[in-house]
Every structure is written in C-alpha cells, then in structure tokens.
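Chain by chain, the residues:
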Amino acid sequence: MQWDVSSNWMTTKHECNWYGVECNMFGTVVNLDLGYIKVDGLVPREIGLLSGLKDLDLHGNELQGVIPHRLLVGLKNLEYFRIQMNGMFGAIHKEITNMKNLKELYLYGNYISGTIPTEISKLKKLGTSYWIVMLVGRGSCG
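Owing to the predicted nature of the structure, the values given are computational and were not obtained by experimental measurement.

Notes on unusual backbone geometry
Okay, step 1: Here the phi dihedral of Tyr 36 falls at roughly 55°; this positive angle occurs in a residue that is not glycine.
Okay, step 2: Position of Tyr 36 relative to the elements: it lies in the loop between strand E2 (29-33) and strand E3 (40-42).
Okay, step 3: Phi angles above zero are rare outside glycine, and Lys 38 is one such case at about 65°.
Okay, step 4: Structurally, Lys 38 is set in the loop between E2 and E3.

If you want it as structure tokens, here you go:
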C-alpha cells in the first residue's frame, strides 16, 4: 500500500501515534481512519488481526481487489465499515455475518457483483437502510 499521508507509519513510534490510528486506553487499535488519502493497492488482510477494531474507514481511495476473507472473519467487533468509492470487486461473502456488531456498511462506488447473501439478515444491528442501498454506485448486483 502507498499513500500521500503516512505520518509515523512503520517508524519506531507506537502504532497509536500513527496517522489515522486511534487506540483505547489499553493501547488496542479501535479506529482506523484512512479515508481520502490516496491509498492504493490491495486491502491488507492483516487488518483482520486488529480484533478490537470498531471503525474501519478506507473510503475514497484507490484500493482494488476483493474484500479479504480475514477481514470478514477477524473483525468481530467492527461497528462501522466504510470502503466505498474504491476499485473493489467480487462478491459479498456470507462470512460478513461474522461481523455481528456491524451497524453501518458502505460499499457503493465499487465493482461489487453477485447477490447479497441472505445471511446478511442475521446482522441485527445493521440497519436495513444500509444493506439495501449499500451497493448503489458503479457496481452491479443481481
């Protein structure tokens, strides 16, 4: 991944001091805000190892590829997932239902294809307005 704003990333400074990273009082990463900073490349599957992450914002960049499986199964505490306006493609996999705390999901402006998995209805905290309109944009669904 490359981007314009990478203050303190991959330095000796603690991750909680990196640009776009917010941690709780225990030093656990809870928020990753990397929207609109011209990130390009694939979404690193290692983000799925941030088990305490509640808010992941990657929107408005130049990310490509599919949403990594490890993200879908590893981010069980995620409440807000913003990956709209990128170059993501592929289907939404039923493993998204592992994100039981998901309240908001933004996928529009990508090249998502296939059908919305019926299992998404198991995400009780996800408002219906978000999963009904989340695919409006570049992609097709159906």
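Brief notes about the state of the cysteines
Okay, step 1: Tallying each qualifying case throughout the model produces one disulfide.
Okay, step 2: In this model Cys 16 forms its disulfide with Cys 23; the gap between the sulfur atoms is 2.0 Å. The S-S bond linking Cys 16 to Cys 23 shows a torsion near -95°; that makes this disulfide left-handed.

Some details on the pattern of salt bridges
Okay, step 1: If you walk through the whole model with that rule in mind, you get two salt bridges.
Okay, step 2: The salt bridge involving Arg 82 is made with Asp 55; its shortest N-O contact spans 2.5 Å. Of the two residues, Arg 82 is situated in strand E6 (residues 80-82) and Asp 55 in strand E4 (residues 55-57); the sequence distance between them amounts to 27 residues.
Okay, step 3: Judged by its relative accessible area of 17%, Asp 55 falls in the buried class.
Okay, step 4: In this structure, Glu 79 engages Lys 103 in a salt bridge whose closest nitrogen and oxygen atoms are separated by 3.7 Å. Placement of Glu 79 in the loop between helix H1 (69-74) and E6 and of Lys 103 in the loop between strand E7 (87-90) and strand E8 (104-106) is noted, with a sequence separation of 24 residues between them.
Okay, step 5: Given the relative accessible area of 18%, Glu 79 is considered buried.
Okay, step 6: On the basis of relative accessible area, Lys 103 is assigned to the partly exposed category, the value being 32%.

Focus: the sheet that holds strand E1 (residues 21-23)
Strand pairing in a sheet relies on backbone hydrogen bonds. The paired strands run either parallel or antiparallel.
Okay, step 1: In spatial order, the strands read E1-E2-E4-E6-E8; together these five strands make up an open sheet with mixed pairing. The open sheet has two edge strands with one neighbour each: E1 and E8. The sheet shows a mean angle of 15° between the axes of neighbouring strands, taken without regard to direction.

Analysis parameters
Residues numbered from 1 in each chain as written. Predicted model: local features only at pLDDT ≥ 70, side-chain atom pairs only at ≥ 80, totals over all residues. Heavy atoms only, no water. Helix = DSSP H or I, 4+ residues; strand = E, 2+ residues; numbered from the N terminus. Disulfide = S-S within 2.5 Å. Salt bridge = Lys/Arg side-chain N within 4 Å of Asp/Glu carboxyl O. Buried < 20%, exposed > 50% of the residue type's maximum accessible area, 1.4 Å probe, protein only. Pairing = 2+ DSSP bridges. Axes fitted to C-alpha atoms, helices over the stretch in contact; angles between N-to-C directions.

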